[in-house]
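The lines below spell out each chain.
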Amino acid sequence: MAGTFYEFFAGGGMARAGLGSGWECLFANDIDADKASSYRENWVADEFELADVGRVTTARLPGSPDLAWASFPCQDLSLAGAYKGLAGARSGTFWPFWQLMLQLRTEGRSPRMIVLENVFGALTSHGGEDFRQIAGAFAKAKYRFGAMIIDARLFVPQSRPRLFIIGVREDVFLPSGLTSGGPIEPWHTKAVQAAYAGLPETSRQAWLWWAPPLPKPRKGTLEDLIEDEPSGVSWNSTAQTQYLLSLMNALHTDKVRSAQVRARETGRNVVGGVYRRTREGRQRAEVRFDGLAGCLRTPAGGSSRQAIIVVGPRQVRSRLVSPREAARLMGLPDSYRLPENYNQAYQLVGDGVVVPVVRHIAKTLLEPMTAAQADLHPSRIAAQ
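The following paragraphs examine the structure supplied in this document. (Residues numbered from 1 in each chain as written. Predicted model: local features only at pLDDT ≥ 70, side-chain atom pairs only at ≥ 80, totals over all residues. Heavy atoms only, no water.)

### Observations regarding helix α3 (residues 94-106)
The first and last C-alpha atoms of α3 sit 19 Å apart over 13 residues, in line with the 18 Å expected at 1.5 Å per residue. By the burial criterion, the buried members of α3 are Phe 94, Phe 97, Trp 98, Leu 100, Met 101 and Leu 104. For α3, the arc enclosing every buried residue in end-on projection is 150°, short of the 170-degree limit, so these residues lie on one face. Elements that come into contact with the buried residues of α3 comprise β1 (3-8), β4 (67-70), β5 (113-119) and α4 (129-140). Two residues or fewer after α3 comes Gly 108, characterised by a positive phi angle close to 75°. (Helix = DSSP H or I, 4+ residues; strand = E, 2+ residues; numbered from the N terminus. Expected span 1.5 Å × (residues − 1). Buried < 20%, exposed > 50% of the residue type's maximum accessible area, 1.4 Å probe, protein only. Arc of directions from axis to C-beta. Contact = heavy atoms within 4.5 Å.)

Here it is, written out as structure tokens:
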């Protein structure tokens, strides 16, 4: 077994999917009833508790886990939540989660490792003060920690940069090779380095520059995940597609024309992703044909759902991304059971964490640490 874990803000269990069957879930929690239903359907999880994290008590948390994973709500750390930060009602749920971690510490059973996942805007919200508070919480609780930006495009055909803060209890042995002496690409972007520089000395003393290896080159593009006859969505009418095209400015119209030329030359469809955005008070449609989808967003806060455009030799078609296609963009296998309702399915996957990203973190950082602790266990040493 690789380790034991708690999964907070669990959604549909996408962190659990990424950790894999080698990890044992001791407890999972979310406040959303629809997501809880999907979690239970996919994991048959007796350990799941549907409740506000502020109402969870340590009496409900069994054992002393190797890991606590928390993909806490991101809305207040982004435009969707007007940048209210950790004082906001949604992203502020970090604090009751952290109180549980502190209470476990007083009980002598705090997690060896804690992973937080959120939008990269968490580095800079409120002039970096929100990140400084999170960093200070780790340092005060005697965790060494470090932050990385990981873009899902390294693993799946979706551009989705996310912040991962990985903390390890100060008494945990760190095998060699997991950290570096300074920032390295692509994990430690200029924003990460600036956030580190803005920390107080006590937090910087606890900082680790995590150094996971690069994954193997990604295989597949957006086109590989798209279905000709999708379930849950319909192709737009010709008039609807023409309207979508009319929302594009000259730059994006030229992209579509170039795609048409390519389609005629090759005899193959060219697939692109489309978002509607408000630019200078006007609704615009923006398209990309780089083999990647844009970052999946849920409609909360006014964000548009992602559409696709398929440019063929003789016609142009468009429609929304289907729930199954969205799940594939998050790295979920087709065996993962999605809600039948489109909005529920899209919300479920769009709010989640990309499964192969979690697997990479687990394989290259978390599992080497849990294995090292097992090797240092007195019973193992005595046997040697």
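Moving on from the coordinates now.
### Remarks on the side chain of His 188
Looking at where His 188 falls in the secondary structure, it is placed in the loop between β8 (179-180) and α5 (190-197). At 2.9 Å, the side chain of His 188 and the backbone nitrogen of Ile 184 are in polar contact. Of the polar contacts made by the side chain of His 188, one reaches the backbone oxygen of Trp 210; its length is 3.2 Å. Aside from chain neighbours lying at most four places away, what touches His 188 is Ala 147, Met 148, Gly 182, Pro 183, Gln 193, Trp 209 and Trp 210. (Polar contact = N/O pair within 3.5 Å; in protein donor to acceptor, adjacent residues only side chain to side chain.)

### Some thoughts on the nonpolar core
In terms of nonpolar packing, the biggest core is built from 62 residues, with Leu 67, Trp 69, Trp 210 and Leu 366 touching the most fellow members. Broken down by element, this core gets its largest block of residues, 8 residues, from helix α12 (residues 355-376). Among the nonpolar cores identified, the runner-up in size contains 40 residues, and Phe 9, Phe 94, Phe 97 and Ala 137 belong to it. (Core = buried A, V, L, I, M, F, W, Y, C linked by side-chain atoms within 4.5 Å.)

### Focus: the pattern of salt bridges
Considering all chains together, one arrives at 19 salt bridges under this definition. The salt bridge involving Asp 66 is made with Arg 112; its shortest N-O contact spans 2.5 Å. Of the two residues, Asp 66 is situated in the loop between β3 (48-50) and β4 and Arg 112 in the loop between α3 and β5; the sequence distance between them amounts to 46 residues. Judged by relative accessible area, which is 10%, Asp 66 ranks as buried. (Salt bridge = Lys/Arg side-chain N within 4 Å of Asp/Glu carboxyl O.)

### What to know about the pairing of β5
With 7 of its 7 residues buried, β5 lies for the most part within the structure. Here β4 runs beside β5; their pairing, made up of 4 bridges, is parallel. Across the sheet, the residue bridging to Ala 68 is Ile 114, located in β5. Direction of pairing for β5 relative to strand β7 (residues 161-169): antiparallel, over a ladder of 7 bridges. Looking across to β7, one finds that Ile 114 is bridged to Gly 167. (Pairing = 2+ DSSP bridges.)

### Some words on the environment of Glu 24
In this structure, Glu 24 sits in strand β2 (residues 23-30). Exposure remark for Glu 24: the relative accessible area of 38% places this residue in the partly exposed category. Sequence-wise, Glu 24 and Arg 160 are 136 residues apart; in three dimensions their C-alpha atoms are separated by 27 Å.

### Section: unusual backbone geometry
Outside of glycine, negative phi angles account for most residues, and trans bonds account for most peptide bonds. Cis rather than trans, the peptide bond between Glu 185 and Pro 186 has omega equal to 0°. Mapped onto the fold, Pro 186 is located in the loop between β8 and α5. The residue Lys 142 is not glycine, and still its phi comes out positive at about 70°. We classify Lys 142 as partly exposed; its relative accessible area is 40%. Despite not being glycine, Glu 280 shows a phi value in the positive range, around 55°. With respect to the element layout, Glu 280 can be found in the loop between β10 (270-279) and β11 (282-288). The exposed category is assigned to Glu 280, whose relative accessible area is 85%.

### Quick notes on the sheet that holds β1
Taken in spatial order, the 7 strands of this open sheet run β3-β2-β1-β4-β5-β7-β6, and their pairing is mixed. Two strands bound the open sheet, and with one partner strand each, they are β3 and β6 (143-151). The mean angle between the axes of side-by-side strands here comes to 15°, regardless of whether they run parallel or antiparallel. Across 4 bridges, the pairing between β1 and β4 is parallel. Following the sheet pairing, Glu 7 is matched in β4 by Trp 69. The strands that helix α2 (residues 33-43) touches are β1, β2 and β3; relative to β3, the one it contacts most, it runs at about 165°. Sitting on the sheet, α3 is in contact with β1, β4 and β5, with an inclination near 175° to β5. (Axes fitted to C-alpha atoms, helices over the stretch in contact; angles between N-to-C directions.)

### Topic: the side chain of Glu 325
Tracing the sequence through the fold places Glu 325 in helix α10 (residues 323-329). Among the residues examined, Glu 325 registers a relative accessible area of 1% and is labelled buried. A polar contact is formed between the side chain of Glu 325 and the backbone nitrogen of Glu 227, at a distance of 2.8 Å. In contact with Glu 325, not counting residues within four places along its chain, are Leu 225, Ile 226, Glu 227, Pro 230, Arg 319 and Leu 320.

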